[in-house]
Amino acid sequence: RADVLGGRFFSETVTIVSGGTNIFGVETGGGVLTVALDKGGGTPMEGVSTYLFSSQGAYLGLSASTGSAGQADFAVPAGSYKIRADYLGNQFWTTEVSVNADLSVPLSIPHQDVTVIVRGDHNGDVVLKEGLKVYLFTPSGAYMGRNRTTDAQGEVIFSLPAGEYKARVDCLSQQFWSDGFVQADRTVTIPECEARITVTRLNNPLSQVPVYVFNAAGVYLGISGSTAASGEASFRLPAGDYNFRADYLGNRYFSGNTTLIADQVNPVTVSTGGGNFTLTVQKEAGEPLAGVSGYLFSADGAYLGHQTATSDQGEASFELADGTYKIRVDYLGYPFWTEPFTIPAASVLSLDIPHQDTV
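Predicted model, so just to flag it, every value in this text is computed and none were measured.

**Some words on the pairing of strand 12 (residues 125-128)**
Thought 1: Bridge count for strand 11 (residues 111-122) against strand 12 is 4 bridges, and the pairing is antiparallel. Residue pairing for strand 12: Arg119 is matched across the bridge by Leu128.
Thought 2: With antiparallel pairing between neighbouring strands as the criterion, strand 11 and strand 12 make up a hairpin whose turn holds 2 residues, including Asn123 at a positive phi of roughly 55 degrees.

**Let's talk about the sheet that holds strand 10 (residues 103-108)**
Thought 1: Strand order in the open sheet made by the 3 strands is 6-3-10, with mixed pairing throughout. Sheet topology places strand 6 (71-76) and strand 10 at the edges, where each strand pairs with a single neighbour. Strand-to-strand, the axes of this sheet are offset by a mean angle of 20 degrees, without reference to chain direction.
Thought 2: Relative to strand 10, strand 3 (residues 31-38) runs parallel, the two sharing 6 bridges. Considered in strand 10, the bridge of Thr34 is made with Ser104.

**As for the sheet that holds strand 13 (residues 133-137)**
Thought 1: As summarised here, the arrangement of the 4 strands in space is 14-13-16-17, forming an open sheet in which the pairing is antiparallel. Looking along the sheet, the strands with just one partner apiece sit at the ends: strand 14 (143-149) and strand 17 (174-177). Each adjacent strand pair in this sheet contributes to an overall mean axis angle of 25 degrees, direction not counted.
Thought 2: Pairing analysis gives 4 bridges linking strand 13 to strand 14, with the strands arranged antiparallel. Note on strand 14: the bridge partner recorded for Phe137 is Tyr143.

Cut-offs and rules
Residues numbered from 1 in each chain as written. Predicted model: local features only at pLDDT ≥ 70, side-chain atom pairs only at ≥ 80, totals over all residues. Heavy atoms only, no water. Pairing = 2+ DSSP bridges. Helix = DSSP H or I, 4+ residues; strand = E, 2+ residues; numbered from the N terminus. Axes fitted to C-alpha atoms, helices over the stretch in contact; angles between N-to-C directions.

Structural data, given as structure tokens:
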């Protein structure tokens with residue numbers, strides 16, 4: 001008797017003869033059992049894992065993945081079998097079939113298009129969200145390996161068999177979930193708000209300052225803007241925790257982590273601190289140099305786009321934010337540098353350019 005894939009198969013009665021090798025066979029019959037998997041309407045399903053079971057539901061240890069034609073083959077002895085296909089977290093079964101020769105068994109898994117719409121809502125002002133990733137999950141939260149990116153209408157379409165699912169939308173390092181659904185369209189609404197960032201120096205607004213949006217963990221979110229004449233830059237964002245950075249005069253200034261509340265205008269201030277700084281340029285004490293140009297640089301030597309000329313008293317004034325700077329004075333074709341100084345610790349500095357009479 002040979003036991004193959006849950007079946008028992010006997011040889012004919014044979015007589016064993018001494019003095020040599022006795023050869024006889026055990027015929028198992030059967031053939032190739034092919035499962036033909038489609039979505040309905042004859043559309044084949046490729047790359048789906050299928051498993052062979054006995055008619056009593058015992059797994060027989062054989063599996064195969066469907067090819068481009070949606071078919072998977074099992075070489076089996078004569079007997080009764082059924083095949084299970086595992087797809088998107090669900091199990092689908094063929095009917096029980098008896099195999100005595102090559103046999104094909106169909107398995108149709110009807111699909112339906114399901115649309116997930118993603119929109120942002122700020123106090124009733126609804127906008128459709130393009131370019132966001134939408135991921136498909138089981139109700140228990142297992143990712144199913146399917147994702148799409150929303151189009152200009154804020155939509156993605158999944159072709160799905162019957163079963164329960166939920167969708168997750170990722171937006172600016174936050175996650176937003178749909179309710180569970182079974183072959184039904186869903187809308188995911190992202191609660192939004194306005195972040196109104198004001199950049200100031202000495203409590204005065206600063207215009208044309210670049211502002212960058214970070215999450216609370218310090219990850220840049222790829223969103224930036226520039227302050228208007230009012231010193232303000234506005235961003236429409238999902239409610240949540242953020243940090244805002246303003247870059248001014250070669251330095252970076254952060255708002256600190258801020259919680260933005262949905263459906264509101266959330267004011268946020270980024271202060272550069274600062275103070276008034278005066279450089280006195282002179283030949284020596286009591287002999288100022290008037291009309292000499294001074295240029296503002298960062299501590300590492302980057303020109304910051306600010307310059308001024310000394311007054312009759314040899315003074316050049318700068319309104320500066322907190323940070324470390326140095327100033328270059330150009331005089332008679334030569335550059336003269338101050339030592340680095342830090343605002344607000346320093347407010348005045350002298351630069352002597354000694355002279356000597358030449359005959």
